[in-house]
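One letter stands for each residue in the lines below.
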Amino acid sequence: MASIYELTDQYRALEAAAYEDDLEYDEFSACLAQIEDAIEDKTDGYCAVIAGLKADAAAIKEQEQRLAKRRRGLEAKAEQLRQALADAMTAQGRDKIKTKLFTASFRASIRLEITDLSAVPEEYFKPRTEADVKKSEIKKELTETGEVLPWARLVSERGLTIR
């Protein structure tokens, strides 16, 4: 069976031939009907494939949403368990537990907390349309100089690492 492109070319050729004087009406009508029938059949096929693809896309989207919800639930459960382990280790006064399979330990880290965004000097804002502070630069400067700023401070944290 001819492709939709071939059928379109045949239709255009027949259309052009319609302007010729020696073309017989019966022959022209038969060819036109044949091409139009083939185009309609091809259109049905295209539409069926399009409908199938749209249905598949909708089913995939539904599965993505279902899986995303499941993923968020698993992530939340993992975070709850991680926090329970961290709480238990803290209550026992242990900074590290090493087993045959895993090592759970606390690592010290320092996070910058902006206490007054309106007091942050302009030089620390990222060049954007919305206010966005260059926290890494402020943290580096505070760490290197030990300077105390009224609008920001370094906050010590412990994060549990599981390998």
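Because the structure is predicted, anything quoted here is derived from the model rather than measured. (Residues numbered from 1 in each chain as written. Predicted model: local features only at pLDDT ≥ 70, side-chain atom pairs only at ≥ 80, totals over all residues. Heavy atoms only, no water.)

A grouping of Glu-20, Asp-22, Glu-24, Asp-26 and Glu-27 is seen on the molecular surface, where their side chains present a negatively charged patch. Position of Glu-27 among the secondary structure elements: in helix H2 (residues 25-92). (Patch = residues over 30% accessible without salt bridge, like charges linked within 9 Å, V, L, I, M, F, W, Y side chains within 5 Å. Areas by Shrake-Rupley, 256 points an atom, 1.4 Å probe, with all protein chains shown as cover. Salt bridge = Lys/Arg side-chain N within 4 Å of Asp/Glu carboxyl O. Lys, Arg positive; Asp, Glu negative; His and termini not counted. Charge placed at Lys NZ, Arg CZ, Asp CG, Glu CD. Helix = DSSP H or I, 4+ residues; strand = E, 2+ residues; numbered from the N terminus.)

Counting residues in hydrophobic clusters, the biggest one holds 11 residues: Leu-112, Ile-114, Val-120, Tyr-124, Phe-125, Val-133, Ile-138, Leu-142, Leu-149, Trp-151 and Ala-152. Elements with a minimum of two residues in this core: strand S2 (103-114) and helix H3 (135-145). Discounting chain neighbours no more than four positions away, the residues touching Ala-152 are Leu-112, Glu-113, Ile-114, Thr-115 and Ile-138. (Core = buried A, V, L, I, M, F, W, Y, C linked by side-chain atoms within 4.5 Å. Buried < 20%, exposed > 50% of the residue type's maximum accessible area, 1.4 Å probe, protein only. Contact = heavy atoms within 4.5 Å.)

A few words on a nonpolar patch on the surface. A contiguous nonpolar surface patch, about 350 Å² in accessible area, is contributed by Tyr-5, Tyr-46 and Ile-50. Examined against the element boundaries, Tyr-5 turns out to sit in helix H1 (residues 4-17). Under the relative-accessibility criterion, Tyr-5 is labelled exposed at 63%.

Over its 14 residues, H1 extends 20 Å from the first C-alpha to the last, a length consistent with the 20 Å expected when each residue adds 1.5 Å. Of the positions making up H1, those classed as buried are Ile-4, Leu-7, Leu-14 and Ala-17. Angular distribution of buried residues about the axis of H1 spans 145°; they occupy a single face of the element. Exposed residues pointing more than 90 degrees away from the buried face of H1 are listed as Tyr-5 and Arg-12. (Expected span 1.5 Å × (residues − 1). Arc of directions from axis to C-beta.)

With that out of the way, let us pick up the pairing of S2. The two faces of a sheet get side chains in turn, since along a regular strand they alternate between them. Here three bridges tie strand S1 (residues 96-98) to S2, and the two strands are oriented antiparallel to one another. Along S2, the bridge assignment pairs Lys-96 with Ser-105. Between the antiparallel neighbours S1 and S2 lie four residues. (Pairing = 2+ DSSP bridges.)

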